[in-house]
2 protein chains.
Amino acid sequence: MLATHDAAGLEDFCDAMHPARAAEFMEGLTAAETWEVLQAAEPTERVEIFEYLDGERQVEILQTAPPEETCQVIARMAPDDRVDLLKLIDPAIVERLLPLLPSEERRDITRLSQYPEGTAGSLMTTSVARLPESVTVGQALEEIALQTKNHETIYYIYIVDAENHLRGLITARQLLMHLGTPDENVTDLMQRDLVTVEATDDQEVVASKVADYNFMAIPVVDHEHHLVGIITHDDVIDVLREEAEEDAYRAGAIAPLQETYLNTPIHTLSWKRGMWLSALLAASFLTVYALQSFHETLDAVKWLPLFLPLIVSCGGNSGGQSATLIITSLTGGDLTLKDWWRVLRRELLMGLLLGAWLGAIAYMGALLVVDGPTPVDKLVVPITLLLVVTCSTIVGGALPLIFKRLGLDPALMSNPFVAGIIDITGIVIYMSICWLMLAEI
Amino acid sequence: MLATHDAAGLEDFCDAMHPARAAEFMEGLTAAETWEVLQAAEPTERVEIFEYLDGERQVEILQTAPPEETCQVIARMAPDDRVDLLKLIDPAIVERLLPLLPSEERRDITRLSQYPEGTAGSLMTTSVARLPESVTVGQALEEIALQTKNHETIYYIYIVDAENHLRGLITARQLLMHLGTPDENVTDLMQRDLVTVEATDDQEVVASKVADYNFMAIPVVDHEHHLVGIITHDDVIDVLREEAEEDAYRAGAIAPLQETYLNTPIHTLSWKRGMWLSALLAASFLTVYALQSFHETLDAVKWLPLFLPLIVSCGGNSGGQSATLIITSLTGGDLTLKDWWRVLRRELLMGLLLGAWLGAIAYMGALLVVDGPTPVDKLVVPITLLLVVTCSTIVGGALPLIFKRLGLDPALMSNPFVAGIIDITGIVIYMSICWLMLAEI
């Protein structure tokens, strides 16, 4: 259809499919071809399909197609997505685009760009279905039918006073239920006790409120309780996915990526990985230093290095488990700082139990695998493991709590960092016990 | 109000607040007190508040309050939540409850209980707003106004034929837009190209479809395309949170918990942690065995053990990073098995870059901290690190892909397991290089 410039055929294609599918189908085309297809679509569909294209493709189109054409798509895009997109585009092109937009859209873009990434303000859309306090059910339905093309959701309709203070909420469902009594006043039906977020709140606060209350959208207000926007359930889903990905990266000691793995340039990736690896390596030098100060014990007990990696990794794994449990519980809101005493008591008990169990296995393993030391000498291994595992679970449980208490993100104390800190403890314990039990003899 | 049995006051309390807030306020009460408050509420509010109580409290109430009273709440609960709740309750009580329910609800419970946890069927609700093909916009609006009390969402209305085959979807928004033309036929307006899931699909498939298409709900069909239920956006949010938590636990080598950290009994927790720690410890014995087979090198190169923990942890960290990146990209759908060659090429390059960089730092560290070996001898450290880090990034990148290829969950190859496998590689490389460069001399 593209080859023959069959505009009618292209229009039908865009019309018949869900915009997300149409966007998927166009993945194989070039930016110029995609734009040609979009030009054939109805203006409403054009915008919808455009919004489902992936970010890079959107940027490419805006950078190459004439601003006189693209400005119409920009003007109709959801306000929150539009701002995010414009941030990625060559400023020179943005400067040519902005004057082509209606003044209302232009002001809206300026306002939304002020909220920093990760706040409620940066997620929200300013396009909200709102009604004054005085309307009746019948008027509300008529008004909403008129507004429906403009807003992301019309299922939550907010009632505001003359100064745009948020007064209440009525759902489309409630309006439909009162279809039979069109003269009823909306203020008599509306919910007044609303859960809101402030535009400066963190996006995690937004996500947890929407998730806890099963909302379809949450209103965003400023300090004086003016209604400034709403955040819808699909934006919350995006936040949850993004945060889960960030947490996964943090747990693997990688600075979060902005792009997909394959699209991140090698030099960015090596920086995001290298900086943490360098820090962990620097911390590792403490283990070199500790081992060196025990050189007499190392000389005296020949078989000592055999268990060194085993003991270090066992400590790291059990401490990492504790840290993961505490970080996940803190993030999920199941645990607060007030519980610190219960956490430490539990981790002490867990450490003793796990340490005794792992010590027993390791002793059996040592008896079977290692030649040389006597069975009594080998008791060093289980005794060390009991102490190392107990220390590790306590340290692994305490570090995220301490970070939280200091106002830092507890997720920074994830697996590799806890392990780094625990490595040195494990080595000192192992060497000390060897020295006490064996070296003197 | 409870003390004076002020039923009117309690009713007002339940009526005035959002049910989620009312449920929060009642957290301090006992199960019996909560039930007394709920008895005072309107039947609709009673169910809504009950649904927001936490799981344990719900179970407690159902186990203690008379089935004749609680059956009314059960009958009105959302079908998906109801089934999940009944699974947690003493079977003897469920047997007393079931006969008290209307036959339709009873059949529904039996049907939903058949889908295994984690499938679309176990998430869906069977309460769907549906309309026959022949209705007009006006009839649809009237019918929906009648149905609105019964369904979780009335904003997506599904059109089915006489045999309940899914034919199309019309949104409440579309109906409202055509308020002016009540005689228009709904089938002329409806969307026909619907994205659906099957009842046996995995919940991750559901979550990614709803998230990708920004749906408010997705219809669930059986093999013959009969409409059997829908899954709404709030259930998808719960799935995303649950999956993120599970992934975090897996990355920390803990079997996922059913309860919160503080509520999980010590014996359950020690099992969920101990089983993986035992497996990792068993794998660690390979390191003991490897070190023992190099005992001559160990004897000859006195300072060799000093760098053992540093090299092992550096390999583990860089391999863990690669595994985290690949697992996250596979889960997020940014990467497929077809990209294996690109992944390995990237990881090889990353490994060489990071290995060279870390080797350089470690060599400087070795020159500063360690006494004894000559600067030339110390070249063992950077050479080993270059090789270990390169091997680790390739192994860390390849293992999740291999697991995926074998049909296993790539997330099983998270940090601690990759580290366990890499430890042994790192030791063999270190010992071999020491043997080649130093021991012979």
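Quick caveat, the model's predicted, so the values are computed rather than measured.

A. A look at the overall build of chain A. Counting its regular elements, chain A contains 21 helices and 6 strands. Taking 2.2 N^0.38 as the reference for a compact globule, 441 residues should give roughly 22 Å; the C-alpha atoms of chain A span a radius of gyration of 30 Å, well beyond that estimate. Along the three orthogonal principal directions, the C-alpha set of chain A runs to about 95 × 60 × 35 Å. In chain A, of all internal contacts separated by at least 6 residues, the share reaching a separation of at least 24 is 66%. Counting only carbon and sulfur atoms, one obtains 57% of the accessible surface of chain A, whose full area is about 19100 Å².

B. Structural context of a nonpolar patch on the surface. All names here are of chain A. A contiguous nonpolar surface patch, about 320 Å² in accessible area, is contributed by V376, L379, I383 and L387. For V376, the location among the structural elements is in the loop between α19 (340-369) and α20 (380-405). Overall, the relative accessible area of 56% leaves V376 in the exposed class.

C. Layout of the relation of the copies chain A and chain B. Taken as rigid bodies, chain A and chain B are interconverted by a rotation of 180 degrees and an axial shift of 0.0 Å, the fit giving an RMSD of 0.2 Å. The operation mapping one copy onto its partner corresponds to a two-fold rotation axis. Of the residues that chain A buries at the interface, 100% are likewise interface residues in chain B, meaning the two copies contact each other through the same surface.

D. Focus on the UniProt feature "transmembrane region" (unreviewed entry) in chain A. Following the UniProt record, one finds the feature "transmembrane region" (unreviewed entry) at residues 275-294, 306-327, 348-370, 382-403 and 415-438 of chain A. From the first C-alpha to the last, residues 275-294 of chain A spans 30 Å; its make-up is 95% helix and 0% strand.

E. Representation of the pairing of strand β3 (residues 166-171) of chain A in the model. Residues and elements named next belong to chain A. Most of β3 sits out of view: 5 of its 6 residues are buried. Of the pairings in the sheet, the one linking strand β2 (residues 156-160) to β3 comprises 5 bridges and is antiparallel in character. Counted as the bridge partner of Y156 is T171 from β3.

F. Representation of the sheet that holds strand β5 (residues 217-221) of chain B. Residue and element names in this part refer to chain B. Strands sit in the order β4-β5-β6 across an open sheet of 3 strands; the sheet is mixed. Pairing within the sheet leaves two strands with one partner each, and these edge strands are β4 (197-198) and β6 (227-232). Alignment of β4 against β5, held across 2 bridges, turns out to be parallel. Each residue of the ladder has a partner; that of E198, found in β5, is V221. Helix α14 (residues 203-213) contacts β4, β5 and β6 of the sheet and is inclined by roughly 140 degrees relative to β5.

G. Highlighting the nonpolar core. Counting residues in hydrophobic clusters, the biggest one holds 108 residues, and the most contacted among them are Y158(A), I231(A), Y158(B) and I231(B). Ignoring sequence-local partners within four residues, the contact set of I231(B) consists of A120(B), L123(B), M124(B), V206(B), A217(B), I218(B), V220(B) and V236(B). The next biggest cluster of nonpolar side chains, apart from the first, holds 95 residues, and it includes L277(A), V288(A), L325(A) and L354(A).

H. Inspection of the UniProt feature "domain: CBS" (unreviewed entry) in chain A at higher detail. All names here are of chain A. Residues annotated by UniProt as "domain: CBS" (unreviewed entry) correspond here to residues 124-189 and 190-246. For residues 124-189, the helix share is 32%, the strand share is 21%, and the end-to-end C-alpha distance is 26 Å. A distance of 39 Å separates the end C-alpha atoms of residues 190-246, which is 44% helix and 23% strand.

I. Looking closely at a negative patch on the surface. Residues and elements named next belong to chain A. Together, D6, E11, D12, D15 and E42 give the surface a local cluster of negative charge. Mapping D15 onto the fold places it in helix α1 (residues 7-16). Judged by relative accessible area, which is 47%, D15 ranks as partly exposed.

J. Region of the structure containing the pattern of salt bridges. All told, the structure shown has 20 salt bridges over all chains when counted by the stated rule. Here E347(A) makes a salt bridge to R273(B), at a shortest N to O gap of 3.1 Å. Of this pair, E347(A) sits in helix α19 while R273(B) is found in helix α16 (residues 266-293), placing the two residues in two different chains. What makes R273(B) buried here is its relative accessible area of 0%. Among the salt bridges present, the one from D161(B) reaches R167(B), with a minimum N-O distance of 2.8 Å. R167(B) gets classed as partly exposed once you look at its relative accessible area, which sits at 38%. In this structure, a network of salt bridges that share partners links the residues E133(A), D161(A) and R167(A).

K. Here's a closer look at the interface of chain A and chain B. Each partner contributes residues to the interface: chain A has 117 residues there, and chain B has 117 residues. Summed over both sides, the interface of chain A with chain B buries roughly 10500 Å², with 66% coming from carbon and sulfur. Linking chain A with chain B are 6 salt bridges. The partner of R241(B) in a salt bridge is D212(A), and the shortest N-O contact between them spans 3.4 Å.

L. Representation of the packing of helix α16 (residues 266-293) of chain A against helix α18 (residues 308-332) of chain B within the structure. In contact at an axis separation of 9 Å, α16(A) and α18(B) are set at 155 degrees when each is read in the N-to-C sense. One element, α16(A), and the other, α18(B), form an angle in the roughly antiparallel class. At the point where α16(A) passes α18(B), the crossing takes the right-handed sense. Note on element contacts: α18(B) touches α16(A) through P309(B), L310(B), S313(B), C314(B), N317(B), S318(B), Q321(B), S322(B) and L325(B), opposite L269(A), R273(A), W276(A), L277(A), L280(A), L281(A), S284(A), F285(A), T287(A), V288(A) and L291(A). Tallied by class, the residues present in the contact of α16(A) with α18(B) amount to 12 nonpolar, 7 polar and 1 charged.

M. Summary view of unusual backbone geometry. Backbone geometry places N164(A), a non-glycine residue, at a positive phi of 70 degrees. Position of N164(A) relative to the elements: it lies in the loop between β2 and β3. With relative accessibility at 23%, the residue N164(A) sits in the partly exposed group. Even without glycine at this site, H225(B) takes up a positive phi of about 65 degrees. Within the element layout of this structure, H225(B) appears in the loop between β5 and β6.

N. Geometry of the sheet that holds strand β1 (residues 130-132) of chain A. Residues and elements named next belong to chain A. Pairing within the open sheet is mixed, and its 3 strands lie in the order β1-β2-β3. In this open sheet, the two edge strands, each paired with only one partner strand, are β1 and β3. The mean inter-strand angle of the sheet, taken between neighbouring strand axes irrespective of direction, is 30 degrees. Bridging between β1 and β2 involves 3 bridges; their strand directions are parallel. Residue pairing for β2: L131 is matched across the bridge by I159.

O. Structural view of the domain arrangement of chain A. Domain boundaries in chain A define domain 1 (7-114), domain 2 (130-242) and domain 3 (266-439). Between the C-alpha centres of domain 1 of chain A and domain 2 of chain A there is a distance of 27 Å.

P. Geometry of the pairing of β6(B). All names here are of chain B. For β6, the buried fraction is high: 6 of the 6 residues fall into the buried class. Looking at chain direction, β5 and β6 are connected through 5 bridges and run antiparallel. Each residue of the ladder has a partner; that of P219, found in β6, is I230. Linking β5 to β6, which pair antiparallel, is a turn of 5 residues; within it H225 sits at a positive phi near 65 degrees.

Q. The arrangement of helix α1 (residues 7-16) of chain B in detail. Residues and elements named next belong to chain B. All buried positions along α1 are accounted for by G9, L10 and C14. Viewed along the axis of α1, the buried residues span an arc of 135 degrees, placing them on a single side of the element. Away from its buried face, by an angle of more than 90 degrees, α1 presents the exposed residues A8, D12 and A16. For α1, the elements touching its buried residues are α3 (31-40) and α4 (43-52).

R. Quick peek at the state of the cysteines. For the coordinates displayed, the defined rule picks out 0 disulfides over all chains. Between C314(A), a free cysteine, and C391(A), which holds the nearest cysteine sulfur, the sulfur-to-sulfur gap is 13 Å.

S. Local environment of the environment of L399(B). Residue and element names in this part refer to chain B. The residue L399 is located in helix α20 (residues 380-405) in this model. Take L399: its relative accessible area is 14%, and that puts it in the buried class. Considered as a pair, L399 and I327 are 72 residues apart in the sequence and their alpha carbons are 9.6 Å apart. Setting aside chain neighbours within four positions, we find L399 in contact with M413, V418 and I421.

Conventions adopted
- Residues numbered from 1 in each chain as written.
- Chains lettered and ligands numbered in written order.
- Predicted model: local features only at pLDDT ≥ 70, side-chain atom pairs only at ≥ 80, totals over all residues.
- Heavy atoms only, no water.
- Helix = DSSP H or I, 4+ residues; strand = E, 2+ residues; numbered from the N terminus.
- Rg over C-alpha atoms; globule rule 2.2 N^0.38 Å.
- Contact = heavy atoms within 4.5 Å.
- Areas by Shrake-Rupley, 256 points an atom, 1.4 Å probe, with all protein chains shown as cover.
- Patch = residues over 30% accessible without salt bridge, like charges linked within 9 Å, V, L, I, M, F, W, Y side chains within 5 Å.
- Salt bridge = Lys/Arg side-chain N within 4 Å of Asp/Glu carboxyl O.
- Buried < 20%, exposed > 50% of the residue type's maximum accessible area, 1.4 Å probe, protein only.
- Least-squares fit on C-alpha atoms with pLDDT ≥ 70 in both.
- UniProt positions renumbered as here; feature names shortened; annotations may be inferred.
- Pairing = 2+ DSSP bridges.
- Axes fitted to C-alpha atoms, helices over the stretch in contact; angles between N-to-C directions.
- Core = buried A, V, L, I, M, F, W, Y, C linked by side-chain atoms within 4.5 Å.
- Lys, Arg positive; Asp, Glu negative; His and termini not counted.
- Charge placed at Lys NZ, Arg CZ, Asp CG, Glu CD.
- Buried area = accessible area lost by both parts, 1.4 Å probe.
- Parallel < 35°, antiparallel > 145°, perpendicular 65-115°, else oblique.
- Left-handed = near helix turned anticlockwise from the far one by under 90°.
- Nonpolar A, V, L, I, M, F, W, Y, C, P; charged D, E, K, R; others polar.
- Domains from an automatic or database assignment.
- Arc of directions from axis to C-beta.
- Disulfide = S-S within 2.5 Å.

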